[in-house]
Structure formats: C-alpha cells, structure tokens
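Descriptive structure summary
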Amino acid sequence: MNGKPTLYIDQYGSKYWAKTVRDLRAKVGMGGSRVYKMYADKKDGKSVHIGYVVGGHWLTAYQRVER
C-alpha cells in the first residue's frame, strides 16, 4: 500500500476503499480475523500479490491509474 486509497472488491461484489490493511480489516468487519496475502500465477510461472483474504472475504485490489 502506498498511502493512496485502494479499491478492494470481494467475491460477493462488495466494494471497500482503504489506505491500509488495518483500515481494510476494520471496514470488512473482521477486526479480529487474520489477514493473508492473496496471490495469482502469471503465464510465465511467477506469482504476483493481488489482494488479501480477510476472514471469509477474498479481496482483489484495484488501483486507480491516471494518464
């Protein structure tokens, strides 16, 4: 996280904006739950960090891009 708000969308389509993982965990409503990093494999076999798992929510991160 770079201090800018990041959009997270879970597997149910719920949207959460958060600047930190602590904010994200509080907004999801799972204050005491553990947070795990979520990864996806690329075509070249490398893994990339794409979001977080908080409680039963699989949250994919999306960042705004300005051109």
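Residue indices begin from 1 for each chain and proceed along its sequence in written order. Owing to the predicted nature of the model, reporting of local features is limited to residues with pLDDT of at least 70; listing and counting of side-chain atom pairs is limited to 80 or more, with chain, interface and lining totals taken over all residues. Hydrogens and waters are ignored; side-chain quantities use all the structure's heavy atoms.

1. Remarks on the sheet that holds strand β4 (residues 47-54)
- Read from one edge to the other, the open sheet built from five strands follows the order β2-β1-β5-β4-β3, with strand pairing classed as antiparallel. A single partner strand is all that each edge strand has here, and the edge strands are β2 (15-18) and β3 (35-41). The sheet shows a mean angle of 35° between the axes of neighbouring strands, taken without regard to direction.
- Bridge analysis of β4 against strand β5 (residues 57-62) gives four bridges, and the strand direction is antiparallel. Its bridge partner being in β5, V53 is matched across the sheet by W58.
- Strands β1 (6-9), β2, β3, β4 and β5 of the sheet are contacted by helix α1 (residues 21-28), whose axis makes an angle of about 145° with β2. Any two strands with at least two DSSP bridges between them are considered paired. To qualify as a helix, a DSSP run of H or I must reach at least 4 residues; to qualify as a strand, a run of E must reach at least 2; elements of each kind are numbered from the N terminus. Here an angle of 0 to 180 degrees is reported between the N-to-C directions of two axes, which are lines fitted to C-alpha atoms, with helices fitted over the stretch in contact. We call two residues in contact when some of their heavy atoms are within 4.5 Å.

2. Here we look at the nonpolar core
- We call a set of buried residues a nonpolar core when its members are Ala, Val, Leu, Ile, Met, Phe, Trp, Tyr or Cys and they connect through side-chain atoms within 4.5 Å of each other. The buried label applies to any residue whose accessible area, calculated with a 1.4 Å probe on protein chains only, is under 20% of its type's maximum; exposed applies above 50%, and partly exposed to all values in between. Grouped together as the largest cluster of nonpolar side chains are eight residues: Y8, Y16, A18, L24, V28, Y52, V54 and L59.
- Of all the elements in the fold, those that place two or more residues in this core are β2, α1 and β4.
- The residues touching Y16, leaving out its near neighbours within four places in the chain, are T6, L7, Y8, D10, L24, K27, V28, H57 and L59.

3. Description of the pairing of β1
- Alignment of β1 against β2, held across four bridges, turns out to be antiparallel. In the strand pairing of β2, L7 is matched with W17.
- The antiparallel pairing of β1 with β2 creates a hairpin that spans five residues between the two strands, and G13 there sits at a positive phi of about 90°.
- Across three bridges, β1 lies against β5 in antiparallel orientation. Bridge assignment links L7 to a residue of β5, and that residue is Y62.

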